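Overview (structure and organization)
Residue strings, one per chain:
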Amino acid sequence: MSSRAGEAHLLVASSDEAFGRLGADAIQAAWNDSPGGATILATGWTPIPVFRELATRHARGELGTPGCPIVQLDEYVGVEDSDPRSLYTWLDREFLTPLEVKASGVIRLRGTTADSEQECRRFDAAVAAVGGLHLAVLGLGPNGHVGFNEPPSGPTASTRVVPLSPESLASNARYWEGAEVPVEGITAGLELLLSADVVILVVAGAHKRDILRRSVTGPESPEVPASYLRRVPRLIVVADDDAAAGLTQEEIGSRSGPGI
Ligand code: GLP
């Protein structure tokens, strides 16, 4: 992986609707640039307005079913598809079903295989077989994680099983409504995510303001895995007013390389 810096753009939304529109526009533009280019998608709360806007456009006939392979980003270890809290089920509910993507068009990363190591290698090979990643739509963990690449994760972090950090257990507790959050995740590696041509990082809420600033203006560090996203050719940050407060396009667009 080279340590080149690509272009970076900050798009700020002042409402959920605007957030959804900006995110959906950015995704559609990336799809138009490279029809068929594999797309990896985060779940979590943040992308929901974006997925709903895409679903609305699809329902109106303005957007077809994506013609690209869809790639699962992460999953809890030990959680079956039948569990409504599984990340795949979340992706299915919010994206695959509304956009009429067939399950056969999805590259899965399962948390329930007998051999996780083999599952990770199968997943990487399946992504490589479709020509690698074109687009990654990622959320930002409160500790700077992307997918389940928990700190410390460097730019060569592989697709793997990881113990979830205390911060992730705490922030994901709201998805689990009082039940115990699984203690391990399986995630596409940071190295694979950094191989995408385009990353759209969606970030919302004042509680993400500091970590967003560190991710896009601070030094690269395994302690902030998202800080490496500036290496991809095109990084688009879609943030709401609260997360973006105080951040400017000049700050994120005028860097000259890693470590600054
Ligand atoms: C979770 C997921 C990530 C997600 C992130 C942010 O732990 N593993 O894929 O992007 O945290 O989630 P949210 O958007 O709900 O804040």
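Presented here is a report on the structure given in the accompanying data block. Since the model is a prediction, treat every value here as computed from it, not as a measurement.

**Re the overall build of the protein**
Along its length, the protein carries nine helices and 10 strands. Here the C-alpha radius of gyration of the protein, 17 Å, is about what a compact globule of 260 residues would show, namely 18 Å. Oriented by its inertia axes, the alpha-carbon framework of the protein measures out at about 45 × 45 × 40 Å. Per-residue burial for the protein yields a buried fraction of 55% across its 260 residues. For the protein, long-range pairs separated by at least 24 residues make up 79% of all intrachain contacts whose partners lie at least 6 apart in sequence. When the 22 basic and 34 acidic side-chain charges of the protein are each reduced to a single mean position, those positions are 3 Å apart.

**Side note on the packing of helix α1 (residues 16–33) against helix α2 (residues 48–59)**
Following both chains from N to C, one finds α1 and α2 inclined at 70°, their axes separated by 7 Å at the closest point. Our classification of the angle between α1 and α2 gives roughly perpendicular. Crossing of α1 over α2 shows right-handed handedness. Contacts between α1 and α2 pair D16, F19, G20, R21, G23, A24, D25, I27, Q28 and W31 from the former with P49, V50, E53, L54 and R57 from the latter. Its residues placed into classes, the contact of α1 with α2 shows seven nonpolar, three polar and five charged.

**Considerations on the site of the ligand**
Taken together, 16 residues surround the ligand, and among them W45, T46, D74, Y175 and K208 come closest. Measuring from a nitrogen atom of the ligand, one finds a backbone N or O atom of G147 at 3.1 Å. In this structure, K208 approaches the ligand through a side-chain N or O atom, which is 2.8 Å from an oxygen atom. Coverage of the ligand by the protein amounts to 98% of the 390 Å² it exposes when considered alone. Ranked by residue count, the leading element in the shell around the ligand is helix α5 (residues 166–176), at three residues. Of the residues that constitute the shell around the ligand, the class distribution is six nonpolar, seven polar and three charged.

Procedures and definitions
Residues numbered from 1 in each chain as written. Predicted model: local features only at pLDDT ≥ 70, side-chain atom pairs only at ≥ 80, totals over all residues. Heavy atoms only, no water. Helix = DSSP H or I, 4+ residues; strand = E, 2+ residues; numbered from the N terminus. Rg over C-alpha atoms; globule rule 2.2 N^0.38 Å. Buried < 20%, exposed > 50% of the residue type's maximum accessible area, 1.4 Å probe, protein only. Contact = heavy atoms within 4.5 Å. Lys, Arg positive; Asp, Glu negative; His and termini not counted. Charge placed at Lys NZ, Arg CZ, Asp CG, Glu CD. Axes fitted to C-alpha atoms, helices over the stretch in contact; angles between N-to-C directions. Parallel < 35°, antiparallel > 145°, perpendicular 65-115°, else oblique. Left-handed = near helix turned anticlockwise from the far one by under 90°. Nonpolar A, V, L, I, M, F, W, Y, C, P; charged D, E, K, R; others polar. Near = heavy atom within 4 Å. Polar contact = N/O pair within 3.5 Å; in protein donor to acceptor, adjacent residues only side chain to side chain. Areas by Shrake-Rupley, 256 points an atom, 1.4 Å probe, with all protein chains shown as cover.

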